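# Examining the three-dimensional arrangement
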Amino acid sequence: MGLFRLLFWILVIIAVIWLWRRLTRPASPPATWAEPETPKPMVRCAHCGVHLPREEALADGRLWYCSQAHLTQGPRHGER
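Nothing here was measured: the structure is a model prediction, and the numbers come from that model. (Residues numbered from 1 in each chain as written. Predicted model: local features only at pLDDT ≥ 70, side-chain atom pairs only at ≥ 80, totals over all residues. Heavy atoms only, no water.)

Residue placement: His70 occurs in helix 2 (residues 68–73). Excluding residues within four positions of it along the chain, His70 makes contact with Cys45, His47, Cys48 and Tyr65. (Helix = DSSP H or I, 4+ residues; strand = E, 2+ residues; numbered from the N terminus. Contact = heavy atoms within 4.5 Å.)

Put into structure tokens, the structure is as follows:
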């Protein structure tokens, strides 16, 4: 009988700890549904091929670059 009494008290202690944590935790704010952002137009760097938002890219005619260094180096030619 001693083993059952020990298991009973362990379960009671666990239940009290769980209840204490649940009551003392601050209430979480209700979930709000935000409107999804509209996708931004993406461009490809003519030098390295990385894709980035057009508003962050640097333009040189019809070519786009991810950084000033790649803009000065120009487009990469040849096989990748």
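As a further point, take the packing of aromatic side chains. Given two aromatic rings, one states the distance between the centres and the angle between the planes to describe the pair. For the structure shown, the criterion picks out 1 aromatic pair. Pairing Phe8 with Trp9 gives two aromatic rings, centres 5.3 Å apart and planes at 75°, and the pair type is edge-to-face. For Phe8, a relative accessible area of 48% corresponds to the partly exposed category. On the accessibility criterion, Trp9 (48% relative accessible area) is partly exposed. (Phe/Tyr/Trp six-rings, centres within 6.5 Å; stacked < 30°, edge-to-face > 60°. Buried < 20%, exposed > 50% of the residue type's maximum accessible area, 1.4 Å probe, protein only.)

Another aspect to go through is the environment of Ile17. Residue position: Ile17 is located in helix 1 (residues 2–24). Remark: the alpha-carbon pair of Ile17 and Cys66, spanning 49 residues in sequence, is separated by 54 Å.

Before going further, it helps to examine the confidence of the model for the protein. Taken residue by residue, the protein gives an average pLDDT of 88. The fraction at 70 or more is 95%. In the model of the protein, strand 3 (residues 58–60) stands out as the element of lowest mean pLDDT, 91, in contrast to strand 1 (residues 42–44), which has the highest, 95. (pLDDT = per-residue confidence, 0-100.)

With that settled, the discussion passes to the side chain of His47. Along the polypeptide, His47 turns up in the loop between strand 1 and strand 2 (51–53). Polar side-chain contacts of His47 include one of 2.9 Å to the backbone oxygen of Gly74. (Polar contact = N/O pair within 3.5 Å; in protein donor to acceptor, adjacent residues only side chain to side chain.)

Here the structure, examined in full by the defined rule, presents 1 salt bridge. Residue Glu55 is joined to Lys40 by a salt bridge in which the shortest nitrogen-to-oxygen separation is 3.5 Å. Highlighted residues: Glu55 in the loop between strand 2 and strand 3 and Lys40 in the loop between helix 1 and strand 1, separated in sequence by 15 residues. With a relative accessible area of 44%, Lys40 lands in the partly exposed category. (Salt bridge = Lys/Arg side-chain N within 4 Å of Asp/Glu carboxyl O.)

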